[in-house]
Amino acid sequence: MTKTTLHSLLDMKRSGEKIACLTAYDATQSHLVSSQKADIILVGDSVGMVVQGHESTVPVTMEDMLYHTRCVARGNTCSLVMADLPFMACATLDQAYRNAAALMQAGADMVKIEGGSWLCETVSGLAARGIPTCLHLGLTPQSVSMLGGYKVQGKDPEAARKISEDAHRLEAAGADMLLLECVPTALARDVSCAATVPVIGIGAGADTDGQILVFYDVLGMTPRRVPRFAKNFMSEESTPAAAVSRFVADVKSGLFPASEHSFGA
Ligand code: KIV
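Residues numbered from 1 in each chain as written. Predicted model: local features only at pLDDT ≥ 70, side-chain atom pairs only at ≥ 80, totals over all residues. Heavy atoms only, no water.

### Regarding the site of the ligand
- If you check the shell around the ligand, you find Thr23, Leu42, Gly44, Asp45, Ser46, Asp84, Lys112, His136, Leu179 and Ile202 and nothing else.
- Contacts to the ligand include Asp45, whose side-chain N or O atom sits 3.1 Å from an oxygen atom.
- In the model, an oxygen atom of the ligand is placed 3.1 Å from a nitrogen or oxygen of the Asp84 side chain.
- Burial of the ligand by the protein chains amounts to 95% of its free accessible area of 260 Å². (Near = heavy atom within 4 Å. Polar contact = N/O pair within 3.5 Å; in protein donor to acceptor, adjacent residues only side chain to side chain. Areas by Shrake-Rupley, 256 points an atom, 1.4 Å probe, with all protein chains shown as cover.)

### Focus on the sheet that holds strand β3 (residues 80-84)
- On the basis of which strands lie adjacent, the closed barrel formed by eight strands has the order β1-β2-β3-β4-β5-β6-β7-β8 and parallel pairing. With direction set aside, neighbouring strand axes in the sheet form an average angle of 25°.
- Two elements, strand β2 (residues 40-43) and β3, share four bridges in a ladder whose sense is parallel. By the bridge assignment, Val43 is partnered in β3 with Ala83.
- Across the sheet, helix α5 (residues 93-105) lies against β3 and β4 (110-114), angled at about 140° from β4, the strand it touches most. (Pairing = 2+ DSSP bridges. Helix = DSSP H or I, 4+ residues; strand = E, 2+ residues; numbered from the N terminus. Axes fitted to C-alpha atoms, helices over the stretch in contact; angles between N-to-C directions. Contact = heavy atoms within 4.5 Å.)

### Concerning the packing of aromatic side chains
- For the structure on display, the rule yields five aromatic pairs.
- Judged by centre distance (6.1 Å) and plane angle (5°), the rings of Tyr25 and Tyr216 are stacked. Linking Tyr25 in the loop between β1 (19-23) and α2 (27-35) with Tyr216 in helix α10 (residues 215-218), this pair joins segments that are 191 residues apart in sequence. Note on accessibility: Tyr25 and Tyr216 belong to one class, buried.
- Look at Phe233 and Phe256: their rings are 5.6 Å apart centre to centre, the planes differ by 70°, and that puts the pair in the edge-to-face class. With a gap of 23 residues between them, Phe233 in the loop between α10 and α11 (240-253) and Phe256 in the segment after α11 connect regions that are remote in the sequence. Phe256 matches Phe233 in its accessibility class, with the two residues each being buried.
- Here a set of aromatic residues connected by ring pairs shows up, and it is made of Tyr25, Phe215 and Tyr216. (Phe/Tyr/Trp six-rings, centres within 6.5 Å; stacked < 30°, edge-to-face > 60°. Buried < 20%, exposed > 50% of the residue type's maximum accessible area, 1.4 Å probe, protein only.)

Scope: geometric values only; no functional claims are made or implied.
If you want it as structure tokens, here you go:
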């Protein structure tokens, strides 16, 4: 199978083919997700909640991310592997360089960073050093204390303008991808149309260039409250491989997400 690259993802954006992404945290999940042809595997810091049992992603360390990135890289067949820089891993430029380099050496093809235009210097510095970045905007779970909970972001015009501006500035600084979490469908559509790099959504409606969900949510194995944007694909399929395959097919055909998984203004 041909491996997904940043170039193939750009081609997909240009041709209108939707990008299907799932999280994975170990080699078996990674093998399952990549063999069902998900374009991107995210080694998400959601590992803190869904694997380690924490209340948030804040306790996740670089050591945790390196361990899970190595596991996922070993199981991967053809997907692009993106790994999260965890809470405070980019607090200084020097930390960002060292931590991003460590994730790449552990097997990531690109790194994801939560935050807005204050990260422009980090993004351009990483780009200059050959490290591709995805910038996570909207609901950024590492800032849950600041945001006052897991709430839809960008609902009022001022907040929406800030997210659009951040997206524009981060792309200009060299970001290779954007990820929008829990924002109104119309805002996500505007950001995706304006961006020349792929925009992946989760709880951001159907008009982004791609979709991502958490592995356990797709398999209906979520002990906590299931977020509105998630869908249990095991309710229609009988094996994990079939459920992952259905997720990929439904993203590609535009069947997922439906309006019930999305947010209005
Ligand atoms: O950590 C994660 O799994 C994520 C996705 C939910 C986008 O950031």
